[in-house]
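A structural walkthrough
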Amino acid sequence: MCGIAGYVGPQSAVPIVFDQLRRLEYRGYDSAGIAFPQGDRIGILKRAGKLSGLGEMLAQETPESHVAIAHSRWATHGAPNDLNAHPHYDQFGQIALIHNGIIENYLELKTELAREGDTFQSETDTEVAAHVIGRLHAQGLSLEEAVRQSLAKFRGAYAFVVLSAREPGTIVCARNASPLVLGFGEGENLLASDVPALIPWTRRVWTMPDDTVAVLTKDGIRVTDVNGRPVEAEPEEVTWDVAAAEKGGYEHFMIKEIHEQPLVARQCLAGRLTDDNRVALDGVFSDHVWQEIDRVNIIGCGTAYHAGLMGKHLFERMLRLPTDVFYSSEFRYGDPLLSDRSLAVFISQSGETADSLAALRLCQQRRIRTLGIVNVVGSAIARECDRVIYTQAGPEISVASTKAYTAQCLVLLQLGMTIAQHREMPGVRVEEVVRDLRQWPERVVEALGLEEQVKRIANEWADSRMAFFLGRNADAAVALEGALKLKEIAYIPTQEGPAGELKHGPLALVEEGVLAVFGATDPFVREKLASNVKEVQARGGRALIITTHDDDTMDGVGDEVLRIPGGKTPYLNALMSVVPLQLLAYYMARAKNLEIDMPRNLAKSVTVE
Ligand code: AGP
């Protein structure tokens, strides 16, 4: 996610906002820029690359101003270059805007503005937003009112921060889904996308709620809702040190990223669900492609491969669309059978995994349509696929992938519904699935409420010599992901897969001290699973069962039962069960005092074979 910074007060503002950006560098970015009032206009300094480049520009001449805003860009629309870097001007050069998030309907807005004579310097959705706001401001509205009235035109996630040449002592910002935090100082006020960029100047911070607008001057901060009604800010005193603040006060990036999943889910869905409960994925394939696809091949590594297994379950069970999932390393050397009406889907958080990139190039040689489900915008896989859908999970720092996995699975569901919408599938109730999907972010918040129970279980069972992760149908796919988490960060050997396979060999490994985790979210196979649980317990294994909140059939079956919030869509219920599995792996590794964010032998992105 982009870094956002802003200062208004008696000090020289440009060095402060530059320093704020430095404190957000850990989040990852590919360009940076600063805006400040300069006489009767707004000055902007920006460039692609690391902050050092912008620093060199400032070292030559530091503009004098008591107000400034700054941005480090995590590209979402348009390549990482000087032109696409933020801030962006409006058509008249009277305002400068920075933005974090995605304006899903920016192309239609851009077409409308161009028809009225606007010209654009960049490929970004942000510049379009600047033009929309600038046009209202030029008609005489105050900057605050121009921002407020423009919000109704945007569909998607945003954190906007805007300066105007006409109102040099003011910063206006607005938030929907993308984080914005206000810093309340003495005779000065600040804003940022994250707390570490506020702490050196003030510890009184307050996170803006969605759909609010704030006006910052040196004398104070005034907050209103999108209708102009006052909102009472309630600043809290932050006691974190800076290192802790980069982790949002969490002990490790992994647990922070597990807890970011509700926000990530909202960002992954923002602007992609219509008011009549359909899916609107902009800029993917045209109708006839969705109608003619006769097979889907999903390719990925590790966690991305596990997300692919969820995609297979969804496409085959719901859409009756034949789907294969391949490890990238196997696909690229396996001379795969590919029909020219197939679709190859590449899942990758980093977008740089060598085996996945090689597999993509194999498909291109065979002239197979390729679609990327990628997190890092502008990465190799994102650039080279015919089309790409971004997961909007923001920078994932911990080597063990968590929020990227759930975001990948949410994109796969949106892709599945898109295919269903183009193939007239009466059996697929898209509206019902989308209504369920809308609830998912709040359900994750509820699932995270299991944290203390999982932590207790993890502390009791951290000494397990081995762990089984078992399930049936989609629960078997999630079991593989839960097992990988525990392997990766707690270094505990695991056996994972379909529970029905136990008797065909793995049961020989069950003995005293073995932990077995069962995913039981699918009511149609619970009875079968209960007998698998008994098989393990009869041989001294300890059984943890994860089931949905409305199921009491598992009471008394396992040694421990965790209940997750559930809805009408089995796919989403199975996916939800990954949250306690992520927490279990984290707290078992923590009980063993292991280095969680950077586990031994592993790298975040495997860019070599
Ligand atoms: C998952 O926790 C691991 N970090 C690893 O398996 C990872 O999923 C795999 O290397 C694929 O990476 P990618 O999604 O960036 O392509």
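Residues numbered from 1 in each chain as written. Predicted model: local features only at pLDDT ≥ 70, side-chain atom pairs only at ≥ 80, totals over all residues. Heavy atoms only, no water.

All right, on to the site of the ligand then. What surrounds the ligand is a group of 15 residues, the closest being Ser348, Gln349, Ser350, Thr353 and Glu488. At 2.7 Å from an oxygen atom of the ligand is found a main-chain nitrogen or oxygen belonging to Gln349. Protein chains shield 91% of the accessible area of the ligand, which is 410 Å² for the free molecule. At the level of elements, α10 (302-319) and α17 (474-490) are the ones that each hand at least two residues to the shell around the ligand. (Near = heavy atom within 4 Å. Polar contact = N/O pair within 3.5 Å; in protein donor to acceptor, adjacent residues only side chain to side chain. Areas by Shrake-Rupley, 256 points an atom, 1.4 Å probe, with all protein chains shown as cover. Helix = DSSP H or I, 4+ residues; strand = E, 2+ residues; numbered from the N terminus.)

As a further point, take the nonpolar core. One broad trend across soluble globular proteins is that nonpolar side chains are buried collectively. Membership of the largest hydrophobic core comes to 95 residues, with the highest contact counts inside it found for Met310, Phe315, Val345, Leu415 and Leu575. Of all the elements, helix α14 (residues 403-422) adds the most residues to this core, at eleven residues. The contact partners of Val345, leaving out residues within four places of it in the chain, are Val296, Asn297, Ile298, Ile299, Leu371, Ile373 and Leu415. The next biggest cluster of nonpolar side chains, apart from the first, holds 28 residues, and it includes Phe18, Leu24, Leu51 and Leu198. (Core = buried A, V, L, I, M, F, W, Y, C linked by side-chain atoms within 4.5 Å. Buried < 20%, exposed > 50% of the residue type's maximum accessible area, 1.4 Å probe, protein only. Contact = heavy atoms within 4.5 Å.)

A cis geometry characterises the amide bond from His86 onward to Pro87, with omega recorded as 5°. Examined against the element boundaries, Pro87 turns out to sit in the loop between β4 (67-73) and β5 (88-89). Within the chain, Asp211 stands out as a residue other than glycine whose phi angle is a positive 60°. Note that Asp211 resides in the loop between β11 (204-207) and β12 (212-217). Overall, the relative accessible area of 36% leaves Asp211 in the partly exposed class. A positive phi angle, close to 55°, is found at Asn593, a residue other than glycine. With respect to the secondary-structure elements, Asn593 resides in the segment after α20 (578-591). Classification of Asn593 by relative accessible area gives exposed; the value is 68%.

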